[in-house]
Amino acid sequence: MKIGLPKEIKDNEYRVGLTPAGVRALTDAGHEVFVQKTAGEGSGFKDEQYVQAGGKMLDTADEVWQIGDMVVKVKEPIAPEYSRMRENQVLFTYLHLAPELELTKQMMDRKVTGVAYETITDRNGRLPLLTPMSEVAGRMSVQVGATYLEKMNGGKGILLGGVPGVSAANVVIIGGGVVGTEAAKMAVGMGAKVTIIDRSLDRLRQLDDIFLSKVQTIASSRYTIEDAISNADLVIGAVLVVGAAAPKLVTRDMLKLLPSGSILVDVAVDQGGCFETTHATTHSNPTYVEGGVLHYCVANMPGAVPRTSTFALTNATLPYALALANKGFERAIREDGGLAEGVNTYAGKLTYEAVATSQGREYTPLASLIKGI
Ligand SMILES: NC(=O)c1ccc[n+]([C@@H]2O[C@H](COP(=O)([O-])OP(=O)(O)OC[C@H]3O[C@@H](n4cnc5c(N)ncnc54)[C@H](O)[C@@H]3O)[C@@H](O)[C@H]2O)c1
C-alpha cells in the first residue's frame, strides 16, 4: 500500500501521525510511505530519520495526499485540506466529526473512508486510541498544578511534596479513570497527600489495590467533594460520563470552601468541564481567575508535549495502521470489529450513528455496505 504522511497544519499542532519507527515498520512490511518534508519537525524528528527508516520525502502536502491510498494524520482535516481528500482514500486520524458539519459533508461528497481514532474500541469496549492522550493529560495535570502553586505564578507558594518538617500539599482528584490514575501516580511520586473521588465503587477498589495506603479513596457525592476541597491545595477535574457533558461537581458556590491560593486544573474541560466556573483556555493563555480561584482549563493539554504525545499516540495507532495496510481496509475491518467501529464515513455514507444523530443526518450501518462485518 502507498501511505501518505502529511505535516499537520492546524494551529499549534506539532504532533505527527507516524514516527520514523512507524515508517520503518510499514516499509519492512512491504509498503511505501511518502512523508511530507518537515512533517516530523514539531515532534523533533528530522527528515533524514524518515529517509533512514525507508520513507520517501515529498515537497508538498498536495503530492502526499495525491499518492496515498491511506493518509495517516493526527487531527481532523481543516479547510485547506478538504480538496486534497480523494474517493476511496482511507483517512486514519482523529476526526471528532459531531460538531464538524462542513468536514463531514466534504468527506461524504468525496467518498472518503474516514477511520476515526476516537471511536475505535478494544475487546473491553474501551477507546484505546483516546487512552494515550488521557495518560499524557493526567500526568501533566500535576506538573502544571505544581507550577501554578508557585507564588510568582499566582499560587499560595507551596511545594507539592513539602520538605522534611513541613507538611506536603493536599491534592484532590475528582474522577479516578485514566486521567485520574495517572495524575495520582505523579502526585504520589512527588510526595503529595492524595485523595481520589469516584462514583464507581469498583473503580475505587481497583485504585485502593493499586495505591494501597498511599491515596485516600472516597465515594463521590456533593458532601464528600465539599469536604475534600475544603482542605485542598490542588483540585484536578478528571471525570467522564461517556457521551455526555461532564457533570458540574464543583459549583461556583463551592469555590468559597477552597483555601486561599488553591489551584483548579480541569482536564475534563473538553467535555464542558466538571467545575461550574470552567471555560476552555489555550496554551498561549492557559489560566484565569474566577471566584478568587486560579483555573487552568486547557482543552488540548497533550499539545504542550508533542514529542511525548506523538510517541504515545503512535504506539497505540501503529498496530491498526499496519493491519489496514497489510490486510487492506475491508479485510482489516472484517477481522476486527473494534476497528470497524472507527469507520465514520464510507462510500459517501455516514456510518457512525452518534455523529449522524448529532448532525440530524441519515445513518447507514457499515454492515449494510460491506458484507461480512
Ligand atoms: N484537556 C485535555 O487535554 C484532555 C486530554 C485527555 C483527556 N481529557 C478528558 O479528561 C476526561 C477524563 O478522561 P479519562 O480518560 O480519564 O476518562 P475515564 O472514563 O477513564 O475516567 C472517568 C472517571 O470519571 C468517573 N466519574 C464519572 N462521574 C463521576 C462523578 N459524578 N463523580 C466522580 N467520578 C465520576 C468515572 O467513574 C471514571 O472512573 C475526559 O473528559 C477526557 O475527554 C482531556
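As a reminder, the structure under discussion sits directly above these lines.
Definitions and limits used
Residues numbered from 1 in each chain as written. Predicted model: local features only at pLDDT ≥ 70, side-chain atom pairs only at ≥ 80, totals over all residues. Heavy atoms only, no water. Patch = residues over 30% accessible without salt bridge, like charges linked within 9 Å, V, L, I, M, F, W, Y side chains within 5 Å. Areas by Shrake-Rupley, 256 points an atom, 1.4 Å probe, with all protein chains shown as cover. Salt bridge = Lys/Arg side-chain N within 4 Å of Asp/Glu carboxyl O. Helix = DSSP H or I, 4+ residues; strand = E, 2+ residues; numbered from the N terminus. Core = buried A, V, L, I, M, F, W, Y, C linked by side-chain atoms within 4.5 Å. Buried < 20%, exposed > 50% of the residue type's maximum accessible area, 1.4 Å probe, protein only. Contact = heavy atoms within 4.5 Å. Near = heavy atom within 4 Å. Polar contact = N/O pair within 3.5 Å; in protein donor to acceptor, adjacent residues only side chain to side chain.

Trainee: Can you tell me about a nonpolar patch on the surface, naming the residues and giving the values?
Mentor: A contiguous nonpolar surface patch, about 270 Å² in accessible area, is contributed by Leu159, Val163 and Val166. Mapped onto the fold, valine 166 is located in the loop between helix 6 (131–148) and strand 7 (170–174).

Trainee: Residues and numbers for the nonpolar core, please.
Mentor: Of all hydrophobic cores here, the largest spans 42 residues; its most connected members are Leu18, Met70, Phe92 and Phe329. Among the elements that line this core, the one with the most residues is helix 10 (residues 306–327), at 9 residues. When near neighbours in sequence (up to four residues on either side) are disregarded, methionine 70 contacts Met1, Lys2, Ile3, Gly4, Val90, Phe92, Ala321, Leu324 and Ala325. Grouped together as the second largest cluster of nonpolar side chains are 33 residues, Ala169, Val171, Val179 and Ile236 included.

Trainee: Which residues make up the site of the ligand, and what values go with them?
Mentor: Around the ligand there are 30 residues in total, and Ser134, Val179, Asp198, Asp270 and Met301 lie nearest to it. Arginine 126 is positioned such that a nitrogen or oxygen atom in its side chain is 3.3 Å from an oxygen atom of the ligand. Valine 298 places a polar main-chain atom, nitrogen or oxygen, 3.1 Å from a nitrogen atom of the ligand. Computed on the free molecule, the ligand has an accessible area of 870 Å², of which 88% lies beneath the protein chains in the complex. The element contributing the most residues to the shell around the ligand is helix 6, with 3 residues.

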